[in-house]
Amino acid sequence: MLSLIHLQAVGAVSDNKLISSTILGYDLQYRVYTPPNYDSLSDLPVIYFTDGQWYLNAGTHRVLDQLIEAGEMSPVVAVFVDNRDPHDLKNDRRNFQLLGYDNYLDFYREELIHSIEEQYRVSNKQEDRGIMGLSFGGLNAAYFGVKASETFHYVGMQSPALQGAPEIYDLYTQAKELPLKLFLSTGSVNDTENQARRLKGVLEFKKYEFKYMEVDEGHNWKNWGPLLDDAFIYFFGTK
């Protein structure tokens, strides 16, 4: 007698896609995750990852598959933006792209997001759009949130290297309450715990909706990887 084997539904990850930015004056590349049963879905939430190649190498797309399959989170589209020069991968641009430069934000708002919305079945609403990153990418997410809350609702910051733009605390302190839902995490072993705790205090003072997590790890994937499901369920959970 044949037994039925349950096969987990999996999403798809595209090949690298090239986008030529007029704002930045150079080409970038990205890959896109689409969830299981994508063709039957519409108006999906979308989350953008800086350091996208690292998140993919860490299996972020598989975490999304597992949570969606288990019914713990809604289906989403994820855009993994590579900070490297697509024509010379040894040229990593992250150290200047992710330190709060307005032109990198404008690239997202005026070029990348429009391109994704033309190609994929994603919502064009602020409340369905997120940005997430680690280290300098976490700082970048914090900056995008406070400078472009009309564009991004979900802000994921893993070990944000806030020392790269210390004005970020004042930006959040001085801003009126913004329509953001934030996830902030750090390790406690030679990580960004001092900066994260300071930002946590600002968010508490401003009464933001946020989730804070601190783990006994350093600035590495033993810290970031196990917290991905926490962030995704917090942002897109079904319960």
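The coordinates are above.
Cut-offs and rules
- Residues numbered from 1 in each chain as written.
- Predicted model: local features only at pLDDT ≥ 70, side-chain atom pairs only at ≥ 80, totals over all residues.
- Heavy atoms only, no water.
- Salt bridge = Lys/Arg side-chain N within 4 Å of Asp/Glu carboxyl O.
- Buried < 20%, exposed > 50% of the residue type's maximum accessible area, 1.4 Å probe, protein only.
- Helix = DSSP H or I, 4+ residues; strand = E, 2+ residues; numbered from the N terminus.
- Expected span 1.5 Å × (residues − 1).
- Bend = angle between axes of the 7 residues up to and from the residue.
- Core = buried A, V, L, I, M, F, W, Y, C linked by side-chain atoms within 4.5 Å.
- Polar contact = N/O pair within 3.5 Å; in protein donor to acceptor, adjacent residues only side chain to side chain.
- Pairing = 2+ DSSP bridges.
- Right-handed = clockwise from strand over helix to strand, strands pointing away.
- Phe/Tyr/Trp six-rings, centres within 6.5 Å; stacked < 30°, edge-to-face > 60°.
- Contact = heavy atoms within 4.5 Å.
- Axes fitted to C-alpha atoms, helices over the stretch in contact; angles between N-to-C directions.
- Parallel < 35°, antiparallel > 145°, perpendicular 65-115°, else oblique.
- Nonpolar A, V, L, I, M, F, W, Y, C, P; charged D, E, K, R; others polar.
- Left-handed = near helix turned anticlockwise from the far one by under 90°.

**Student:** Describe the pattern of salt bridges, naming the residues involved and giving the relevant values.
**Tutor:** Counting across every chain of the model gives 9 salt bridges. Here D82 ties to R84 by a salt bridge, and the two come within 2.8 Å at their closest N and O atoms. Look at D82 and you get buried, because its relative accessible area is 4%. R93 is the partner of D85 in a salt bridge, and the nearest nitrogen-oxygen pair spans 3.5 Å. Each member of the pair, D85 together with R93, is buried. Look at the salt bridges and you will find they share partners, linking D106, R109 and E150 into a network.

**Student:** Summarise helix α4 (residues 102-119); cite the residues concerned and give the values.
**Tutor:** An α-helical turn contains 3.6 residues, so any two residues separated by three or four positions project in the same direction. In a regular helix each residue adds 1.5 Å, so 18 residues correspond to 26 Å; α4 covers 25 Å between its end C-alpha atoms and thus fits that length. At Y108, α4 shows its largest kink, close to 35°.

**Student:** I'd like a description of the nonpolar core, backed by residues and values.
**Tutor:** Core analysis: the biggest nonpolar cluster contains 52 residues, and Y48, Y108 and Y172 have the highest contact counts within it. Residues L67, M73, V76 and F80 belong to the second largest nonpolar core, which totals 26 residues.

**Student:** Account for the side chain of R93, naming residues and giving values.
**Tutor:** Among the structural elements, R93 can be located in the loop between β7 (88-92) and α3 (94-97). In this structure the side chain of R93 is engaged in a polar contact, spanning 2.8 Å, whose partner is the backbone oxygen of D27.

**Student:** How would you summarise the pairing of strand β11 (residues 209-215) if you had to cite specific residues and measurements?
**Tutor:** In the sheet, strand β10 (residues 181-187) pairs with β11 via 7 bridges, with the strands oriented parallel. Note on β11: the bridge partner recorded for T186 is E214. What joins β10 to β11 is helix α7 (residues 193-206), and the crossover it makes is right-handed.

**Student:** Kindly report on the packing of aromatic side chains, identifying the contributing residues and their values.
**Tutor:** Under the definition given, this model contains 20 aromatic pairs. Seen in terms of ring centroids, Y48 and F152 are 6.4 Å apart; in terms of plane orientation they differ by 85°. Their pairing is edge-to-face. Of this pair, Y48 sits in strand β4 (residues 46-49) while F152 is found in the loop between α5 (136-147) and β9 (154-158), placing the two residues 104 residues apart along the sequence. According to the relative accessible area criterion, F152 is buried, its value standing at 0%. Centroid distance Y104 to Y108: 5.2 Å. Interplanar angle 75°. Geometry classified as edge-to-face.

**Student:** A description of the environment of A231 should follow, citing residues and the corresponding values.
**Tutor:** Structurally, A231 is set in helix α9 (residues 228-236). Residue A231 is classed as buried on the basis of its relative accessible area of 0%. Spatially, the C-alpha atoms of A231 and Y212 are 9.8 Å apart, while their sequence positions differ by 19 residues. Setting aside residues up to four positions removed in sequence, A231 forms contacts with M132 and F183.

**Student:** Give a description of the side chain of Q158 that names residues and reports values.
**Tutor:** On the secondary structure map, Q158 appears in strand β9. For Q158, a relative accessible area of 0% puts it in the buried group. Excluding anything up to four places from it in sequence, Q158 contacts Y55, M132, G133, L134, S135, G138, S185, W224, L227 and L228.

**Student:** An account of the packing of α4 against α5 is requested, with residue identities and associated values reported.
**Tutor:** Contact geometry for α4 and α5: axes closest at 11 Å, N-to-C directions at 70°. Taken together, the axes of α4 and α5 are roughly perpendicular relative to one another. Taken together, the residues of α5 that come into contact with α4 (itself represented by D102, Y104, L105, Y108 and R109) are N140, Y143, F144 and K147. Among the residues forming the contact of α4 with α5, the class breakdown is 5 nonpolar, 1 polar and 3 charged.

**Student:** So, the packing of helix α2 (residues 60-69) against α9: which residues are in play, and what are the values?
**Tutor:** Contact geometry of α2 with α9 gives a least axis separation of 10 Å together with a crossing angle of 50°. Judged by the angle between their axes, α2 and α9 are oblique. For the pair α2 and α9, the crossing hand works out as right-handed. Seen from α2, the contacting residues are T60, V63, L64 and L67; seen from α9, they are L228, D229, F232 and I233. Here the contact of α2 with α9 is composed, by residue class, of 6 nonpolar, 1 polar and 1 charged.

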